[in-house]
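# Remarks on the overall topology
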Amino acid sequence: MEIFQAVYNILWGDIINIPLPGGSTLGLSLLVLILVPAGLYFTIRTRFLPFRLFPEMIKVTLENNKKTDRDGISGVQALIVSTACRVGMGNLVGVVAAISAGGAGAVFWMWVIALVGSSTAFIEATLAQLYKEKDPLYGGYRGGPAYYIHHLFIKKDSLRKHSAIAVLFALSGLICWCGISQVIGNSISSSFENAFHVPPIYSTVVLVIIAAVIVLRKNATVKVLDIMVPIMAACYFFITIFIIVKNAGQLPAVFERIFAEAFGFRQVVGGGIGAVIMNGAKRGLFSNEAGSGSAPCAAAAADISHPAKEGLLQALGVFIDTLVICSCSAMIMLLTPESMTKGLEGMDLLQTAMQYHLGEFGVIFIAVILWLFSFSTFLGILFYARSNVAYLFGDNWTSQTLYKILALIMLFIGGLAAYQFVWDLGDLGVGLMTVFNMIALIPLAPKALESLRDYEKNVMKKKDGRS
């Protein structure tokens, strides 16, 4: 436990404290020190890709992505799988926590982190495509950080079957996703108990049965997410638009508050500017997952005509997560009178805000949308786990099925009780994944940048009718 706590503190605790005016400090964790500079570096090396190629991201998303492999998935389907995981509890609980601890100004720093993280998402997704391989079990392709880390450290003619860093990444991912499974079970059962007074055992049993029917079938996950993710994201988005239109007169004051608290004199003097910045940054990094190595597990499965295309799709995924869905959650709360939400935290804050805007329907809606967001995250992480299980244990159905059963057990346990150690284990896993992923991401980045140059030169110019 002491070793676990020490590693956890190194990853998520403040290892550097920078003094700021007003007696505040800017605490920097190891993950922030890794991801933010790396994101800035990738943004510069891609020549500000999030801004420069945003129209191209939209074009690639809307074009007809034909796949050549019957069992493969398209680039957009891979985006939907990764979006299912990104657009999860972090978009609800995470945004609430950021605003609770850092105020409205934290929203601005979440936006900044999304712009930086978009370039990182491009690099890791493109590398996943470059180093993907055929999947003999599920059909189509597989890959991700474990595979491109392997190619970085193990030569082609080597007799070694595994890279130590790749093994550590794969194990960290499997540990992380087991921890997250328990968090998902607990969040769903708690929300249904609060909204509908359903005993946790009933909602949990139904949840596990539905999940088992989907994940234990060969290729049902992507088909379900194809339908589920666009519907749930659209419902949440349009409900938010309705709330915004209904309260349009307050919008100037809300944006003024966001920018004022992000840079404001009051926060500097009060010693809280550090908390504003770091809560926004940390929650933004956790929500969009850029750099953690999760989304590349889906990106590698895409059967797509050019590696950089999937990179652009995953870069867009970061925008969808933070600039759209996270902003929706923020607007719901910030358009609620401060007097009603003062002193509230977590889901109580969000449910109070929704009740203010939509009455009892709002409380029911948020419980249902949390169920959908959380359930889609569970399906997505088990899709991610495929490639890691295969890297560690080879191509056999036994290991794949055993991990799915383990995740279902954790989902069931989480629905009945919350075990903080397991929750922290999930955070530890995603932190270690990020460290091991970034070890390979920076030295392999030139390969992704070369793919980007090729795409701009030989694909974009042809589409534009230039020779």
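Here the structure is a predicted model, which is why all the values come from computation and not from measurement.

### What about the overall build of the chain?
When helices and strands are tallied, the chain shows 21 helices and four strands. Going through the 467 residues of the chain one by one, you find that 58% of them count as buried. When contacts within the chain are restricted to residue pairs at least 6 apart in sequence, long-range pairs at least 24 apart make up 81% of them. When the accessible surface of the chain is split by element, carbon and sulfur atoms take 67% of a total near 19,100 Å².

### Focus: the nonpolar core
In this structure, I123, Y148, W177, Y236, I258 and F378 are the most contacted members of the largest nonpolar core, which totals 129 residues. Not counting residues within four places of it along the chain, the set of residues in contact with Y148 comprises E124, L127, A128, Y131, P296, N437, A440, L441 and L444. Counting residues in hydrophobic clusters, the runner-up holds five residues, among them F4, Y8, L11 and L31.

### A look at helix α7 (residues 105–130)
Across its 26 residues, α7 extends 39 Å between first and last C-alpha, which sits within 8% of the 38 Å expected from 1.5 Å per residue. The axis of α7 is deflected most strongly, by about 30°, at G117. A large share of α7 lies buried, amounting to 23 of its 26 residues.

### Regarding the packing of helix α10 (residues 200–215) against helix α19 (residues 360–393)
The contact between α10 and α19 brings their axes to 11 Å, and the two run at 40°. Classified by chirality, the crossing of α19 by α10 is right-handed. Touching L207, I210, A211, I214 and V215 of α10 are W371, F375, F378, L379 and L382, all from α19. The residue makeup of the contact of α10 with α19, split by class, is 10 nonpolar, no polar and no charged.

### Quick notes on the confidence of the model for the chain
In this model, the chain carries an average pLDDT of 83, and 85% of its residues clear a pLDDT of 70 or more. Per-element averaging of pLDDT across the chain places helix α13 (residues 265–269) at the bottom with 47 and helix α8 (residues 145–153) at the top with 93. Residue range residues 267–271 is modelled with pLDDT below 50. Its contacts to residues more than four positions away, or to other chains, number 12 contacts.

### Focus on a nonpolar patch on the surface
Judged by side-chain polarity, I201, Y202, V205, I209, V213, L216, L402, I405, I409, F412, I413 and L416 come together as a nonpolar surface patch covering roughly 1,000 Å² of accessible area. Secondary structure elements with two or more residues in the nonpolar patch: α10 and α20 (397–416). A total of six residues in the nonpolar patch trace back to one element, the largest contributor, which is α20. Mapping I405 onto the fold places it in helix α20.

### Thoughts on the pattern of salt bridges
Scanning the model with the defined rule gives five salt bridges in all. Among the ionic pairs, R47 bridges to E456, the shortest N-O distance being 3.0 Å. A residue pair is termed long-range when its members are at least 10 positions apart, and R47 in the loop between α2 (30–45) and α3 (49–52) and E456 in helix α21 (residues 420–463) qualify at 409 residues. Assessed through its relative accessible area of 14%, E456 is described here as buried. Residue R142 pairs with D135 through a salt bridge whose shortest N-O separation is 3.9 Å.

### Side note on unusual backbone geometry
At R47, a residue that is not glycine, the phi angle is positive and equals roughly 60°. Even without being a glycine, H197 presents a positive backbone phi close to 60°.

### Observations concerning the packing of aromatic side chains
This model, assessed by the stated rule, comprises 15 aromatic pairs. Grouping aromatic residues by their ring pairs yields a cluster made of F108, W109, W111, F255 and F259. Note that K132 overlies the ring of Y141, its terminal NZ or CZ placed 4.1 Å from the centroid.

### Details of the packing of helix α5 (residues 75–86) against helix α11 (residues 220–246)
Helices that pack against each other are described as a pair by the angle of their axes relative to one another and the distance between those axes. Contact geometry of α5 with α11 gives a least axis separation of 9 Å together with a crossing angle of 70°. With respect to their mutual orientation, α5 and α11 come out roughly perpendicular. Between α5 and α11 lies a crossing of left-handed hand. Between α5 and α11, the residues in contact are Q77, I80, V81, T83 and A84 and V222, L225, D226, V229 and P230, respectively. Class assignment for the residues of the contact of α5 with α11 results in seven nonpolar, two polar and one charged.

What counts, and at which threshold
- Residues numbered from 1 in each chain as written.
- Predicted model: local features only at pLDDT ≥ 70, side-chain atom pairs only at ≥ 80, totals over all residues.
- Heavy atoms only, no water.
- Helix = DSSP H or I, 4+ residues; strand = E, 2+ residues; numbered from the N terminus.
- Buried < 20%, exposed > 50% of the residue type's maximum accessible area, 1.4 Å probe, protein only.
- Contact = heavy atoms within 4.5 Å.
- Areas by Shrake-Rupley, 256 points an atom, 1.4 Å probe, with all protein chains shown as cover.
- Core = buried A, V, L, I, M, F, W, Y, C linked by side-chain atoms within 4.5 Å.
- Expected span 1.5 Å × (residues − 1).
- Bend = angle between axes of the 7 residues up to and from the residue.
- Axes fitted to C-alpha atoms, helices over the stretch in contact; angles between N-to-C directions.
- Left-handed = near helix turned anticlockwise from the far one by under 90°.
- Nonpolar A, V, L, I, M, F, W, Y, C, P; charged D, E, K, R; others polar.
- pLDDT = per-residue confidence, 0-100.
- Patch = residues over 30% accessible without salt bridge, like charges linked within 9 Å, V, L, I, M, F, W, Y side chains within 5 Å.
- Salt bridge = Lys/Arg side-chain N within 4 Å of Asp/Glu carboxyl O.
- Phe/Tyr/Trp six-rings, centres within 6.5 Å; stacked < 30°, edge-to-face > 60°.
- Lys NZ or Arg CZ within 6 Å of the ring centre and 35° of its normal.
- Parallel < 35°, antiparallel > 145°, perpendicular 65-115°, else oblique.

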